[in-house]
Amino acid sequence: MATEYVFISDLHIGGDRQLTALDFKDELLSFLEGLEDGDSDIELIINGDAFGLWEYAEVTGTDKLERVIEDHPEVFEQFRETGAEIDITLIPGNHDYDLACYPSYVDRLAEYNVTLEPEIRITREVAGGTIWIEHGQQHDANNRMPDWGNPAALPVGYFVVQRIVAAAGQYSERARGNWLRDIQSVAPMEEVPRWLLSNYFYREMSPFLRAIVIPLLLFFNITLLYLFGTVLESIGLLPQNFFTDNPLVRALGVADIVLELIIATNIVIIAVLLLLAIPFWLFRRDLRHTLERFGVMLSGVRVGQGDQPFLNAARDTFESHSEVAVFVYGHTHRASLTKWGDRVVVNTGTWLKKLRHVKTRFSRLPGIYYPSFRLNYFRIFPEGDRIVVEYEEIETDQPRDLTWFQRLIARRPPAPATIPERTVLDPDGELELPASAVTPEGESSPSRTNEVDDTRSETDD
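The rules we used
- Residues numbered from 1 in each chain as written.
- Predicted model: local features only at pLDDT ≥ 70, side-chain atom pairs only at ≥ 80, totals over all residues.
- Heavy atoms only, no water.
- Helix = DSSP H or I, 4+ residues; strand = E, 2+ residues; numbered from the N terminus.
- Buried < 20%, exposed > 50% of the residue type's maximum accessible area, 1.4 Å probe, protein only.
- Contact = heavy atoms within 4.5 Å.
- Areas by Shrake-Rupley, 256 points an atom, 1.4 Å probe, with all protein chains shown as cover.
- Arc of directions from axis to C-beta.
- Core = buried A, V, L, I, M, F, W, Y, C linked by side-chain atoms within 4.5 Å.
- Phe/Tyr/Trp six-rings, centres within 6.5 Å; stacked < 30°, edge-to-face > 60°.

- Within an unreviewed UniProt entry, the label attached to the protein reads Calcineurin-like phosphoesterase domain-containing protein, and the organism entered is Halostagnicola kamekurae.

What follows is the structure, encoded as structure tokens:
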């Protein structure tokens, strides 16, 4: 039995065409090599979504894993070498749910010294306490498996991935650049339409059309100010000719004519939008009611439901299994550590590129999805009669795949909240739930040290 456990998850290796690109291959190989040199008896546990099997539409069944192996031979050879020195254990997530459905995968992965445990959860013992390990998809209404191990019993999330993500992989070569393959980094999925609009505007739109649209958008605020000022003039709160027929503006000559043309164009656009606002609102309201009637929008649960369902699951586990000291999950792609007394909830995050929506320096221009990586892992080991949870990040070059114009106008996103490098627990200690840990879903725990929600913190314009 191992004396030290190392956790990673959500690598999402594989996918059709450009989705199979592995941005962090060198870092993953170095990480696996480094585990071979450890002095302690280590077990590496990949708690779900090691592979992106859902992202394949061109192959089916057990051929999906064969395609992953074929596309990433160096990674699997390194699994073989590292697995000869330490234990490597893998459990299925939702994106590689096939691993729970085909028994042949156990023997196939064993050829690379990877032990597949096709269970929805597993446990490990450390310092007299228990580590509860799962991927977490069963707490996500859109991705829970209705019949674990049945390849035909698939959640709605599978069909979303097949229709959107896998399709993006098939069509990514038609885009200007490789931005379309980053769709698997867009979270939550509700962000996909706005992400597509952003990339259309900054990458796919004709440069000539963009050169026309950008000044109109930049002067949109000036137009609103001009309209507001003329109203104030008409009611006598501002002197005449302060906005209309201002002599200083008239002195600009041709520039004045261009400015007036832009303002007039924006006024027409504003008028059209106002005319369409009411019928559009009525149409949107009727469409929402129709979707609800057909069951398309069920129970109000959104794809981006945050981490509260998983924290609730951890709370229930701690209360029903007093021996559990650490609850480990992944799935949401947000690395975090939540401490409740002498109990800890760990989210192992993701190695995928992360996209954070940020506003631009100029109002009215579409927001930009700022790319970054947060390659990380957690170590859990005993220290006397205590349990130590250590968090480490792997240094890597941050992607610079924004266009020069996007880099020029994008605001810098705030740095993610830090996660403690070292947390010490007494497995015989008490569970201390903060008040908000037992509140309804949607409210977060104040004792949580985590990475800020990559989209929701910046998307409410």
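## Remarks on the overall build of the protein
- Tallying secondary structure elements over the protein gives 13 helices and 15 strands in all.
- Put simply, the protein has 461 residues, and 49% of those count as buried.
- Taking the contacts inside the protein whose residues are at least 6 apart along the sequence as the reference set, 73% of them involve residues at least 24 apart.
- By element, 56% of the accessible surface of the protein is carried by carbon and sulfur atoms, the whole surface being about 22200 Å².

## Considerations on helix H2 (residues 63-71)
- Listing the buried residues of H2 in full gives Lys64, Leu65, Val68 and Ile69. End-on view of H2: buried residues confined to an arc of 140 degrees, all on one side of the axis.
- Elements in contact with the buried residues of H2: helix H3 (73-83), helix H4 (104-110) and helix H5 (156-171).

## Remarks on the nonpolar core
- The biggest cluster of nonpolar side chains holds 38 residues, and the ones touching the most others in it are Phe31, Leu44 and Phe51.
- Going through the elements one at a time, strand S1 (4-8), helix H1 (25-36), strand S2 (42-47), H2, H3, strand S3 (87-91) and H4 are the ones with two or more residues in this core.
- Broken down by element, the residue count for this core peaks at 5 residues, all from H1.
- With near-sequence residues (within four places) excluded, Phe31 lies in contact with Val6, Ile8, Leu44, Trp351, Tyr377 and Ile394.
- Counting residues in hydrophobic clusters, the runner-up holds 23 residues, among them Leu337, Val344, Phe378 and Val389.

## A look at the environment of Leu311
- If you trace the backbone, Leu311 turns up in helix H11 (residues 308-320).
- Taking the C-alpha atoms as reference points, Leu311 and Thr338, 27 residues apart in sequence, are found 8.7 Å from one another.

## Quick look at unusual backbone geometry
- Of note in the backbone geometry, His12 takes a positive phi value of approximately 55 degrees without being a glycine.
- Tracing the chain through its elements places His12 in the loop between S1 and H1.
- For Asp49, which is not glycine, the phi dihedral falls at a positive 55 degrees.
- Tracing the backbone through its elements, the reader meets Asp49 in the loop between S2 and H2.

## Observations concerning the packing of aromatic side chains
- Counted by the stated rule, this structure contains 18 aromatic pairs.
- Aromatic pair Phe24 and Trp351: ring centres 5.6 Å apart, planes at 75 degrees, arrangement edge-to-face. Within this pair, whereas Phe24 is found in the loop between S1 and H1, its partner Trp351 is found in the loop between strand S9 (343-347) and strand S10 (354-358), the two being separated by 327 residues in sequence.
- On the basis of relative accessible area, Phe24 is assigned to the buried category, the value being 3%.
- On the basis of relative accessible area, Trp351 is assigned to the buried category, the value being 0%.
- Geometrically, the ring pair formed by Phe31 and Tyr377 is tilted, given 4.9 Å between the ring centres and 50 degrees between the ring planes. Taken as a pair, Phe31 in helix H1 and Tyr377 in strand S12 (residues 376-383) lie far apart in primary sequence, 346 residues in all. As far as the burial class goes, Phe31 and Tyr377 line up, both buried.
- Each member of the aromatic cluster is reached from another via a ring pair, and the members are Phe24, Phe31, Trp351 and Tyr377.

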